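Structural overview
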Amino acid sequence: MRTLTGITPSGTLHIGNYFGAMRPAIEAQASGDCFYFIANYHSMTSVTDAAERRKNTLGIALDWLACGLDPKVSVFWRQSDVPEVTELTWLIGSLTPMGLLERAHSYKDKTAKGISPNFGLFAYPVLMAADILLYDTHRVPVGKDQKQHLEMTRDIAIKFNEAYGENTLVVPEPVIGEEIAIIPGLDGQKMSKSYGNTIEIFGEEKALRKKIMGIVMDSRTPAEPKPDADRNLAIQLLRLVAPKDVALDFESRLRAGGLGYGDLKKALFEHYWDYFSAARARRAELVANLDHVEAVLRDGAQRARAVASVVLRRARLASGIE
Ligand code: ADP
Ligand code: TRP
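Basis of the calculations
Residues numbered from 1 in each chain as written. Chains lettered and ligands numbered in written order. Predicted model: local features only at pLDDT ≥ 70, side-chain atom pairs only at ≥ 80, totals over all residues. Heavy atoms only, no water. Near = heavy atom within 4 Å. Polar contact = N/O pair within 3.5 Å; in protein donor to acceptor, adjacent residues only side chain to side chain. Areas by Shrake-Rupley, 256 points an atom, 1.4 Å probe, with all protein chains shown as cover. Helix = DSSP H or I, 4+ residues; strand = E, 2+ residues; numbered from the N terminus. Domains from an automatic or database assignment. Contact = heavy atoms within 4.5 Å. Buried area = accessible area lost by both parts, 1.4 Å probe. Salt bridge = Lys/Arg side-chain N within 4 Å of Asp/Glu carboxyl O. Buried < 20%, exposed > 50% of the residue type's maximum accessible area, 1.4 Å probe, protein only. Nonpolar A, V, L, I, M, F, W, Y, C, P; charged D, E, K, R; others polar.

Remarks on the site of ligand 2
In the vicinity of ligand 2 lie 14 residues, with Thr8, Tyr124, Met128, Asp131 and Gln146 positioned nearest. In this structure, a nitrogen atom belonging to ligand 2 sits 2.7 Å away from a side-chain N or O atom of Tyr124. Out of a free accessible area of 360 Å², ligand 2 has 87% covered by protein chains. At the level of elements, β1 (3–7), α6 (119–133) and β4 (139–142) are the ones that each hand at least two residues to the shell around ligand 2.

Examining the domain arrangement of the protein chain
Domain annotation of the protein chain identifies domain 1 (3–182 + 290–319) and domain 2 (203–275). Each of domain 1 and domain 2 has a C-alpha centre, and the two are 37 Å apart. The interface of domain 1 with domain 2 comprises four residues on the first partner and five residues on the second. Overall, the association of domain 1 and domain 2 removes approximately 340 Å² of surface from exposure, summing both partners, and the carbon and sulfur fraction of that is 79%. Along the contact surface separating domain 1 from domain 2 lie zero salt bridges. For the pair domain 1 and domain 2, the number of links is one residue pair in polar contact (both at pLDDT 80 or more).

Re helix α9 (residues 233–241)
For α9, the full list of buried residues reads Leu233, Ala234, Ile235, Leu237, Leu238 and Val241. Where α9 is buried, its residues touch α1 (15–28), α10 (244–256) and α11 (261–275). Here α9 starts with a cap whose side-chain oxygen sits 2.8 Å from the backbone nitrogen of Ala234, and that cap is Asn232.

Here's the deal with the site of ligand 1
With respect to spatial proximity, 13 residues lie near ligand 1, and among them His14, Ile183, Met191, Ser192 and Lys193 are the closest. In the environment of ligand 1, an oxygen atom lies 3.0 Å from a nitrogen or oxygen atom belonging to the side chain of Asn17. In this structure, a nitrogen atom belonging to ligand 1 sits 3.2 Å away from a side-chain N or O atom of Lys190. Contact with the protein chains covers 74% of the free accessible surface of ligand 1, which is 540 Å². In terms of residue class, the shell around ligand 1 is built from five nonpolar, six polar and two charged.

Listed below in structure tokens is the structure:
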């Protein structure tokens, strides 16, 4: 059972990304055969600055390795280091109906916003399908927003197999993280970089303390009992980063009355800072040793390529290119 997912190199990661996507992916490593890659070709439709792309790509590699992606257990690479993916994009793209791509939400949303579409934006789902199909993937864990892309991938694989032979491409199953709780941001809405309400995983201490101490609460006095303590934003976040009994203790003190919001937020900051302190130290080590990071990605690409070349050959032979 191979699990594969792509990580778009866009901006600074926050704890919503961590608890919603990274931690499950890192935990999945225990069952083996995980393929994770940095989707730098995909970033070309949104980022057009070369230095920014390099910086974002390296940043994602550092963040994931620091948070526990183990490149000895999983295969971790940069998408563009396995250029076979672009050839498979052509093979499957030649069977992909325009109508299917015209119905893609990502394309429709961008054109509705007045962004003038280019080939890359239109073909994005085909490249994503190639990412998945190139590695005989069985399971693809993604957020809800990617569900349609997974359905397209399945349609494309089935079409290819109908044309060129039943067992040419593995038809993958999506694993949509419906049951994963949505982590709230500093303002109580879903934490998202587009809402500017994030707590970064690797932020600067002073700025992060200020952000957390700045969470707006209601105007009840500290002494007042708070029967709704379980819905308090700081309590919800504390549950993620503090040991269970500590979070429960703060919750019952808040419920009983006598705990001030300032003390609660201070505890939240401290537990958050501690929770990521090992990852922070690992990241600093990696930053001091960028050659090692580059070597890790190259080694991952070699292992990914060993699989990709077999699957691409199968597709080339089946379709009469070879
Ligand atoms: P953002 O909303 O900040 O742009 P992305 O859309 O890039 O985040 O999400 C990357 C991954 O992180 C996805 O798998 C998504 O489901 C997950 N994720 C993002 N925000 C949250 C959140 N607030 N709670 C849980 N998971 C999240
Ligand atoms: N499009 C995905 C996103 O924006 C990233 C991605 C690219 C991906 N290729 C993939 C995810 C293949 C899963 C499988 O999040």
